[in-house]
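So you can see what is in the structure, the chains are spelled out below.
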Amino acid sequence: MTGLTRFIGRKEHFGSIIYDRERADYIPFDHDAAEIFELTETKTLSQIYKIMEGRIQQRNFETFVQLCQSIEILDSKGKFTGTFIGRDLSKEEHLSAPLKVYFSTTKSCNFSCRHCFSSSGNSYPDELKTSEVKKLIDEMATIGCFELSLGGGEPLLRDDLHEIIAHANLRGISVRISTNAAAATKEIVKKLKGLKIRALKISMEGGSEKIYDYIRGKSGSFRKTLRGIKNLKELSIPISLQMVFMKPNISELPSLIRIAEKLKVEKILLETIMPVGRATQNPQMLLTFEEANRLWEAALKIQKNTHIKIEIPHYVPFRAGQNLMFEGFGCKCGTLICHIDPRGTVSPTGFLKDLFPAGTIREKSLKQIWDQSQELDKFRMLEGNQTCSACNYFSSCRGGCRARALFTEKNLNQPDGNCAIAHQAKVS
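Residues numbered from 1 in each chain as written. Predicted model: local features only at pLDDT ≥ 70, side-chain atom pairs only at ≥ 80, totals over all residues. Heavy atoms only, no water.

## Quick word on the overall build of the protein
Inference 1: Looking only at helices and strands, one finds 16 helices and 14 strands in the protein.
Inference 2: Summarising its shape, the C-alpha atoms of the protein cover approximately 70 × 60 × 50 Å along the three principal directions.
Inference 3: Looking at the protein residue by residue over its 428 residues, the buried ones come to 55%.
Inference 4: Look at the contacts in the protein between residues 6 or more apart in sequence, and 68% of them connect residues 24 or more apart.
Inference 5: Approximately 20,100 Å² of the protein is accessible, and the part contributed by carbon and sulfur atoms is 50%.
Inference 6: If you average the places of the 61 positive and of the 49 negative side-chain charges in the protein, the two averages end up 6 Å apart. (Helix = DSSP H or I, 4+ residues; strand = E, 2+ residues; numbered from the N terminus. Buried < 20%, exposed > 50% of the residue type's maximum accessible area, 1.4 Å probe, protein only. Contact = heavy atoms within 4.5 Å. Areas by Shrake-Rupley, 256 points an atom, 1.4 Å probe, with all protein chains shown as cover. Lys, Arg positive; Asp, Glu negative; His and termini not counted. Charge placed at Lys NZ, Arg CZ, Asp CG, Glu CD.)

## Focus on empty space enclosed by the protein
Inference 1: Applying the stated criterion across every chain yields a total of 3 cavities of 30 Å³ or more.
Inference 2: The computed volume of the largest cavity comes to approximately 100 Å³.
Inference 3: P317, C388, C391, C397 and C419 are the residues nearest the centre of the largest cavity, which is lined by 16 residues in total.
Inference 4: Listing elements by their share of the lining of the largest cavity, those giving two or more residues are α13 (386-389), α14 (394-397) and α16 (420-427).
Inference 5: Split by residue class, the lining of the largest cavity holds 11 nonpolar, 3 polar and 2 charged.
Inference 6: Its volume calculated, the second largest cavity comes out at about 60 Å³.
Inference 7: As for the second largest cavity, its lining consists of S104, T106, K107, S118, S120, Y124, G152, G153, H339, D341, P342 and K353. (1 Å grid on protein atoms, 1.4 Å probe; cavity = no way out; pocket = protein on both sides within 12 Å on 5 of 7 lines; lining within 4 Å. Points joined across faces, edges and corners; volume = space filled by probe spheres on them. Nonpolar A, V, L, I, M, F, W, Y, C, P; charged D, E, K, R; others polar.)

## Quick word on the pattern of salt bridges
Inference 1: In the structure shown here, the tally under the stated rule is 25 salt bridges.
Inference 2: When the shortest N-O distance is used, the salt bridge between E291 and K247 registers 3.8 Å. Placement of the pair is E291 in helix α10 (residues 289-303) and K247 in the loop between β9 (239-245) and α9 (253-263), with a sequence separation of 44 residues.
Inference 3: On the basis of relative accessibility, which here comes to 33%, the residue K247 falls in the partly exposed class.
Inference 4: Here D416 and R404 are joined by a salt bridge, their closest N and O atoms 3.8 Å apart. In this pair, D416 is assigned in the loop between α15 (402-409) and α16 and R404 in helix α15, connecting sequence segments 12 residues apart. (Salt bridge = Lys/Arg side-chain N within 4 Å of Asp/Glu carboxyl O.)

## Comments concerning the sheet that holds strand β1 (residues 7-12)
Two strands in a sheet stick together by hydrogen bonds in their backbones, pointing the same way (parallel) or opposite ways (antiparallel).
Inference 1: Sheet architecture is open: 4 strands sit in the order β3-β2-β1-β4, paired in mixed fashion. Each end of this open sheet is capped by a strand with a single partner; those strands are β3 (25-30) and β4 (83-85). On average, each strand axis in the sheet is tilted by 30 degrees relative to the strand beside it, whichever way the strands run.
Inference 2: Looking at chain direction, strand β2 (residues 15-20) and β3 are connected through 6 bridges and run antiparallel. Within the sheet, the bridge partner assigned to D20 lies in β3 and is D25. (Pairing = 2+ DSSP bridges. Axes fitted to C-alpha atoms, helices over the stretch in contact; angles between N-to-C directions.)

## Some thoughts on the environment of I56
Inference 1: For I56, the location among the structural elements is in the loop between α2 (45-52) and α3 (58-70).
Inference 2: For I56, the residues in contact, after removing those within four places along its chain, are D32, I36, Y49 and F61.

Laid out in structure tokens, this is it:
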């Protein structure tokens with residue numbers, strides 16, 4: 001990581017966050033830990049303990065130092081190995097900046113998928129220019145947001161994609177790409193070679209040509225996508241396949257697993273169709289919560305017979321646990337992450353970009369929008385509901401997806417519409 005500090009810290013209302021560029025991960029610390037990191041610049045460890053001994057037991061202090069040294073946040077002499085961005089303590093109750101930005105690079109797409117949440121196809125005439133995207137990346141680095149997920153539309157259709165990624169590399173921003181892979185020609189892949197891309201997520205809504213082409217809305221799509229995946233494999237970047245479950249593809253997972261095994265991809269991600277965008281024009285494709293849950297359960301059984309890892313990020317109730325940096329009701333949208341559309345409009349999530357526009361980066365900085373937007377505050381101040389607050393899974397789930405709650409239950413404070421526990425509570 002030539003020229004870039006591995007660890008970058010920023011102050012928060014609960015203490016601090018340290019970003020590890022090598023592992024592409026944020027680590028939260030409390031106020032005492034943040035103070036220790038800063039004191040190491042001018043004090044020895046023994047001097048620091050004397051300052052802190054009224055608050056921390058010596059054994060706990062030594063254990064903390066050893067742990068930090070083991071992951072190289074502190075060096076052998078006890079000095080903080082990173083740098084802090086901005087020394088002023090954040091006075092906000094929310095994070096001082098998002099942890100990740102999801103940027104839809106363009107509305108242009110080579111497909112017209114029947115379930116597309118953004119109704120992608122033709123590009124907007126006024127999409128962000130290369131210079132504007134680079135300015136966004138510069139600000140992200142300045143405010144301590146080091147995760148950038150590039151999607152679309154289809155990001156590979158942007159002629160300047162390699163420039164955007166190169167600039168993110170220069171500023172130490174970790175990049176992930178969501179693509180349908182069909183546009184991954186050898187020429188495009190050649191432009192991406194040598195760039196640091198953390199992972200590729202390839203949407204794959206079918207394991208058979210018939211179903212895949214039907215969902216994509218264009219014949220020949222399946223073969224073109226497989227060809228594109230093979231081209232992307234030349235980059236030696238971790239690849240995962242993502243299937244969005246909907247009525248037409250409910251039986252496609254076994255065949256998709258066979259494709260994943262043949263292509264030697266790392267894992268398959270499973271999502272369920274959202275009633276937004278082009279999916280509202282195809283209501284026959286939507287799933288009931290019973291169907292979604294049956295598909296998830298069937299997928300977990302299939303997992304036992306394949307080495308391909310199957311992940312269901314939004315299996316409700318969420319069991320993986322929410323980030324410790326957010327303790328309120330609801331999901332990460334607007335609290336830990338945000339979405340930016342091709343024209344620069346910020347929103348809590350791409351699924352709700354038209355309902356909760358928070359501002360545009362052409363008029364205000366991302367930091368200003370993050371701190372001042374009333375639309376984002378609506379997601380940070382949700383009251384929740386009694387069903388979720390009484391649930392044994394609340395500490396990890398916190399109500400599930402807010403977009404699905406709004407679409408299915410017509411209220412941001414209601415449980416995720418796919419939650420079987422909440423549905424059972426309704427009838428009991």
